[in-house]
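Chain and residue survey
Chain by chain, the residues:
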There are 2 protein chains.
Amino acid sequence: MTYERFFSRGADAMRESAIRKMGGVAARVPDLISFAAGYPDPTTFPWDAFREIAAELLTGRDPHALQYGATRGYRPLVEDIGEVLATHGITSTFEERLVTTGSQQGLDLVARLFIDPGDVVLVELPTYTGAISAFRNAQAEMVGVRQEADGVDLAALDETCTRLRAAGRRVKFLYVVPNFQNPTGLLIGLDKRRALLEWSERRDVLLVEDDPYGELYFPDRASRGETRPIKADDTTGRVVYLSSFSKTLAPGFRVAWVVAPAEVIAKFDLAKQAADICAGALDQRVIHQAIHRGVLKNQGERLRAHYQHKRRVMESAVDEQLATQLQSTAPRGGFFLWATLAGQLDAEQVLARALEAKVSFVIGSAFYVDGSGRDTLRLSFSQPSDAELVEGVKRLARAIEMARR
Amino acid sequence: MTYERFFSRGADAMRESAIRKMGGVAARVPDLISFAAGYPDPTTFPWDAFREIAAELLTGRDPHALQYGATRGYRPLVEDIGEVLATHGITSTFEERLVTTGSQQGLDLVARLFIDPGDVVLVELPTYTGAISAFRNAQAEMVGVRQEADGVDLAALDETCTRLRAAGRRVKFLYVVPNFQNPTGLLIGLDKRRALLEWSERRDVLLVEDDPYGELYFPDRASRGETRPIKADDTTGRVVYLSSFSKTLAPGFRVAWVVAPAEVIAKFDLAKQAADICAGALDQRVIHQAIHRGVLKNQGERLRAHYQHKRRVMESAVDEQLATQLQSTAPRGGFFLWATLAGQLDAEQVLARALEAKVSFVIGSAFYVDGSGRDTLRLSFSQPSDAELVEGVKRLARAIEMARR
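Residues numbered from 1 in each chain as written. Chains lettered and ligands numbered in written order. Predicted model: local features only at pLDDT ≥ 70, side-chain atom pairs only at ≥ 80, totals over all residues. Heavy atoms only, no water.

**Describing the overall build of chain A**
Within chain A, the regular secondary structure consists of 13 helices and 14 strands. The principal-axis extents of the C-alpha atoms in chain A amount to approximately 60 × 55 × 55 Å. The buried share among the 405 residues of chain A stands at 65%. Across chain A, every contact between residues at least 6 apart in sequence was considered, and the portion connecting residues at least 24 apart equals 76%. Surface exposure of chain A reaches about 14100 Å², of which carbon and sulfur atoms provide 49%. The averaged location of the 53 negative side-chain charges in chain A is 3 Å from the averaged location of its 51 positive side-chain charges. (Helix = DSSP H or I, 4+ residues; strand = E, 2+ residues; numbered from the N terminus. Buried < 20%, exposed > 50% of the residue type's maximum accessible area, 1.4 Å probe, protein only. Contact = heavy atoms within 4.5 Å. Areas by Shrake-Rupley, 256 points an atom, 1.4 Å probe, with all protein chains shown as cover. Lys, Arg positive; Asp, Glu negative; His and termini not counted. Charge placed at Lys NZ, Arg CZ, Asp CG, Glu CD.)

**Considerations on the relation of the copies chain A and chain B**
For the pair chain A and chain B, the relating rotation is 180 degrees, the translation along its axis is 0.0 Å, and the fit reaches an RMSD of 0.0 Å. As the rotation angle and translation indicate, the two copies are arranged about a two-fold axis. Taken as a fraction of all interface residues of chain A, those also at the interface in chain B reach 100%, which identifies the copy contact as same-surface. (Least-squares fit on C-alpha atoms with pLDDT ≥ 70 in both.)

**What about the environment of Thr129 of chain B?**
Residue and element names in this part refer to chain B. Assignment of secondary structure puts Thr129 in helix H6 (residues 129-137). As a C-alpha pair, Thr129 and Ile19 span 110 residues in sequence and 7.7 Å in three-dimensional space. Ignoring any residue separated from it by four or fewer positions in sequence, one finds Thr129 in contact with Ser17, Ile19, Ala366 and Phe367.

**Observations concerning the interface of chain A and chain B**
Taken residue by residue, the interface counts 85 residues in chain A and 85 residues in chain B. Broken down residue by residue, the surface that chain A buries against chain B is led by Phe6, Leu66 and Tyr68 of chain A, which jointly contribute 11%. For the salt bridge of Arg112 of chain A with Asp108 of chain B, the shortest nitrogen-to-oxygen distance reads 2.8 Å. Remark: the boundary between chain A and chain B carries 34 residue pairs in polar contact (both at pLDDT 80 or more). Those elements that place two or more of their residues in the side of chain A that touches chain B are helix H1 (9-13), helix H3 (47-57), helix H5 (102-114), helix H6 (129-137), helix H9 (262-276) and helix H10 (281-292) of chain A. If one sorts the elements of the side of chain A that touches chain B by residue count, H9 of chain A sits on top with 9 residues. Here the side of chain A that touches chain B is built from residues that sort into 43 nonpolar, 21 polar and 21 charged. (Buried area = accessible area lost by both parts, 1.4 Å probe. Salt bridge = Lys/Arg side-chain N within 4 Å of Asp/Glu carboxyl O. Polar contact = N/O pair within 3.5 Å; in protein donor to acceptor, adjacent residues only side chain to side chain. Nonpolar A, V, L, I, M, F, W, Y, C, P; charged D, E, K, R; others polar.)

**With respect to the pattern of salt bridges**
Residue and element names in this part refer to chain B. For the structure on display, the rule yields 70 salt bridges over all chains. For the salt bridge of Glu56 with Arg293, the shortest nitrogen-to-oxygen distance reads 2.7 Å. With Glu56 in helix H3 (residues 47-57) and Arg293 in the loop between helix H10 (281-292) and helix H11 (295-322), this residue pair connects regions lying 237 residues apart in the sequence. Overall, Glu56 belongs to the partly exposed group, its relative accessible area being 43%. A relative accessible area of 35% means that Arg293 is categorised as partly exposed. A salt bridge links Asp150 to Lys192, with the nearest nitrogen and oxygen atoms 2.8 Å apart. Of this pair, Asp150 sits in the loop between strand S4 (141-148) and strand S5 (151-152) while Lys192 sits in helix H8 (residues 190-202), and the two are 42 residues apart along the sequence.

**What about the nonpolar core?**
By size, the foremost hydrophobic cluster in this structure holds 89 residues, and its most contacted members are Phe50 and Phe245 of chain A together with Phe50, Leu122 and Phe245 of chain B. In this view, Phe245 of chain A contacts Leu77, Ile81, Ala250, Val255, Ala256, Trp257, Ile287, Ile291 and Leu296 of chain A; residues no more than four positions away in its chain are not counted. Counting residues in hydrophobic clusters, the runner-up holds 52 residues, among them Phe35, Ala222, Leu351 and Phe361 of chain B. (Core = buried A, V, L, I, M, F, W, Y, C linked by side-chain atoms within 4.5 Å.)

**Structural notes on the confidence of the model for chain A**
Across chain A, the average pLDDT comes to 96, with 100% of residues at or above 70. As scored by the predictor, the complex reaches a pTM of 0.97 and an ipTM of 0.96. (pLDDT = per-residue confidence, 0-100.)

**Structural notes on the sheet that holds S4 of chain B**
All names here are of chain B. Spatial ordering of the open sheet is given by S2-S9-S8-S7-S6-S3-S4-S5, a layout of 8 strands whose pairing is mixed. Edge positions in the sheet fall to strand S2 (97-100) and S5, since each has one partner strand and no second. Note that strand S7 (residues 206-210) and strand S8 (residues 239-244) share 4 bridges and pair parallel. For Val208, the partnering residue across the bridge sits in S8 and is Val240. (Pairing = 2+ DSSP bridges.)

**Concerning the state of the cysteines**
Counting across every chain of the model gives 0 disulfides over all chains. No disulfide involves Cys278 of chain A; its sulfur sits 17 Å from the nearest other cysteine sulfur, which is in Cys278 of chain B. (Disulfide = S-S within 2.5 Å.)

**Some words on unusual backbone geometry**
In this structure, the amide linkage connecting Leu125 of chain A to the following residue, Pro126 of chain A, adopts the cis form with an omega of -5 degrees. The residue Pro126 of chain A is located in the loop between strand S3 (120-125) and H6 in this model. Asn182 of chain B connects to Pro183 of chain B through a cis peptide bond whose omega is 20 degrees. Along the polypeptide, Pro183 of chain B turns up in the loop between strand S6 (171-176) and H8. Positive phi is not limited to glycine here, since Lys358 of chain A has a value of about 65 degrees. As for its placement among the helices and strands, Lys358 of chain A is situated in the loop between helix H12 (347-356) and strand S12 (359-360). We classify Lys358 of chain A as partly exposed; its relative accessible area is 29%. With phi around 55 degrees, Phe180 of chain B is a residue other than glycine that occupies positive phi space. Residue position: Phe180 of chain B is located in the loop between S6 and H8.

**Comments concerning the side chain of Thr127 of chain A**
The residue Thr127 of chain A is located in the loop between S3 and H6 in this model. Apart from residues lying up to four places away in sequence, Thr127 of chain A is in contact with Ile132, Tyr175, Gln181, Asn182, Pro183 and Phe367 of chain A.

**Here's the deal with the side chain of Thr184 of chain A**
Residues and elements named next belong to chain A. Following the sequence through the fold, Thr184 ends up in the loop between strand S6 (171-176) and helix H8 (190-203). Of the polar contacts made by the side chain of Thr184, one reaches the side chain of Gln181; its length is 2.6 Å. When residues no more than four places from it in sequence are discounted, the contact partners of Thr184 are Pro126, Gln147, Thr329 and Trp338.

**Comments concerning the pairing of strand S7 (residues 206-210) of chain A**
All names here are of chain A. Summarising burial for S7: 5 of the 5 residues are buried, a large majority. Burial along S7 is two-sided: Leu206, Val208 and Asp210 facing one way and Leu207 and Glu209 facing the other are all buried. Relative to S7, S6 runs parallel, the two being bridged by 4 bridges. Bridge pairing in S7 links Tyr175 to Val208. Note that the unit made of S6, H8 and S7 has a crossover that is right-handed. (Right-handed = clockwise from strand over helix to strand, strands pointing away.)

**Comments concerning the packing of H5 of chain A against H9 of chain A**
Residue and element names in this part refer to chain A. Packing of H5 against H9 brings their axes to within 10 Å, and their N-to-C directions diverge by 110 degrees. Comparing their axes, H9 and H5 come out roughly perpendicular. Viewed along their axes, H5 and H9 form a crossing whose handedness is right-handed. For the pair H5 and H9, contact is made by Gln105, Gly106, Leu109, Val110, Arg112, Leu113 and Phe114 and by Val264, Lys267, Phe268, Ala271, Lys272, Ala275 and Asp276, respectively. Looking at side-chain class alone, the contact of H5 with H9 contains 8 nonpolar, 2 polar and 4 charged residues. (Axes fitted to C-alpha atoms, helices over the stretch in contact; angles between N-to-C directions. Parallel < 35°, antiparallel > 145°, perpendicular 65-115°, else oblique. Left-handed = near helix turned anticlockwise from the far one by under 90°.)

**Some remarks on the packing of aromatic side chains**
By the definition in use, this model includes 30 aromatic pairs over all chains. An angle of 40 degrees between the planes, with centres 5.2 Å apart, marks the rings of Tyr68 of chain A and Tyr39 of chain B as tilted. With Tyr68 of chain A in the loop between H3 and helix H4 (75-86) and Tyr39 of chain B in the loop between strand S1 (33-34) and H3, this pair bridges two chains. Each member of the pair Tyr68 of chain A and Tyr39 of chain B is classed as buried. Grouped by ring-pair contacts, the aromatic residues Phe7 of chain A together with Phe114, Phe135, Phe173 and Tyr175 of chain B constitute a single cluster. A cation over an aromatic ring shows up here: Arg75 of chain B above the ring of Phe94 of chain B, its NZ or CZ 3.9 Å from the ring centre. (Phe/Tyr/Trp six-rings, centres within 6.5 Å; stacked < 30°, edge-to-face > 60°. Lys NZ or Arg CZ within 6 Å of the ring centre and 35° of its normal.)

**Brief notes about the sheet that holds strand S10 (residues 326-328) of chain B**
Residue and element names in this part refer to chain B. As summarised here, the arrangement of the 4 strands in space is S10-S11-S14-S13, forming an open sheet in which the pairing is antiparallel. Sheet topology places S10 and strand S13 (362-363) at the edges, where each strand pairs with a single neighbour. Relative to strand S14 (residues 376-380), S13 runs antiparallel, the two being bridged by 2 bridges. Counted as the bridge partner of Val362 is Arg378 from S14.

Next comes the structure, spelled out in structure tokens:
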């Protein structure tokens, strides 16, 4: 029996994420050093605190700790999120927040709330693959806008939007990751953030601001003030803001959130009811307790130092081993080094050699909605140990040499 | 600022689930006895086992316990699910299974994989509201087929399908809950199950079989053999089968699964990647350990006795207090008593009175896709204590009397 005749057009359009695909490959290559997955380092997870909290939650005293819960989220956690947001300059009411099952669900619900097949979503070139997948599954047409050193090129953005609308297309929103973007690590400048907000008002476009890495700036290159979300200056309700505990506490809990005007959040609630009813009851309570006990607060400084160190290790190794082979960015936060291969070498060819040499990465073209970026690659330094970072870069250098032959 | 111009047609169509709505109402009425939510009884959750397991998982020895994981699911759990299925007569390979974030996500992914706007989904009259929401959000047209004592009326089913196809409509699948259906508690007869499978082959329609309650038959009225899934006899790959640990272990973990042909599961995997990447890492490991340690196995008998007892308590109270006011089903498993009000009294009027009397239920019409069933209601006996069941039925009797005045 075959199934083509049963699948929807959305299902026909679905494609495997390049990142997830690398996960599958990695599982089959023993002793692989992975620069592919953008996973947080599990040695930074506050295991002891989680263990204590879970043991206390699972006494049965709170019967709701393993029950279905409100779609909006566990109320004390929804309140905590308000406080977390306030530290980033974002004022919000309870009715403007909703807990999602990971930030990926936030992206998926964004897609479902705003996109009809053929609607245009503007994205950065390159942009996050998880967003590409979510928007594509809703049959959006994604149009990319190139980035400058301080973020998306405003002139190109406006020209693109104007051209598309003149052609009768509906441009619903611009998707941006202003803080240490996945994959480039780029930090959008504060002036450009304000300009983007003004632009979105002028052109009547929504801004979808995705901010998983905001806490993870590197103190040697950036300050908290530079990570101020666009949402913090949104006085009219133009911005849908997503963030997550996956990078600051742990992704295994699948707890993230979205902040948007109450009318929009009410729709998120309806969409989420049908998507998975509610986020995990235990997961949400563990996160709430971790916040309540100061664990989240302690994580910030620790993680900034931790990932800054890893970045340095990888950067040194790259400088030493790969300076002539590729040009890489100097990220000011986050998990990623973004590199362009010298001589327009094809990253896919390098990847084949890299897997033979037992090192992996994600080909940069996976992050481009226009098929470009074939000579780029994303190197994640968040999870490997120092020794693995050094050894992995050596292997990558060998692989690039092989690919050039 | 208003948002109508940004919302998709899918978002426009979204409606609040009557069950979730009752949850909101319940939170505002103190001392309410709820017959509304179909929640399992948290006193049956194996708290001690969960606490021990969580403490062991959170030592940090397994760094993956709080990490992102495979979209398909935590491998040992996917293997466990194969064994669970085998006890129900279902043979499956690893490639035919996928862990979902609760069964609601399974329904949502079914909708997205198979439904284009306007496609027809056949459903029972009445049917589960969570399925209605998921299918509606994908802009399906749902067409209901009436049920007989042993399940959906085959002649009506075939007539409906033939009529729709003659009118040029695409009929993608029939959604059925054969074991102790939510809301009616109905058990589809074994002959009818076979007939449904034959029919789906003959008419080239998929069967989506949703089975959260299969383990919860009442030994005084049903046997395990009578709950044999349709999927167990599916030799051609016609059936997409969903089930969950929410009713047998605990819903707070959000762990459920779908079984379907490998080609279909590969699409589920793609859809889930973009929907939420993966189910919770800790949640899946707790469930795996609970299975591994025999906890799930022990739950079956315990839960059957527990809910059979609750059913008896509610049935006795209804016999005593409400015999002249309504006619109720005699469920052979599950969580629900399904009732039809005498004299075609409107359940919505009764609900208004019931909330005044501090008892709630779900109006039956919420489960009908054709707007009928206004004189029906669903009474859940799964969560209230014995005393609450008795007192709640008394309050309901008063409410019905008031509504008749």
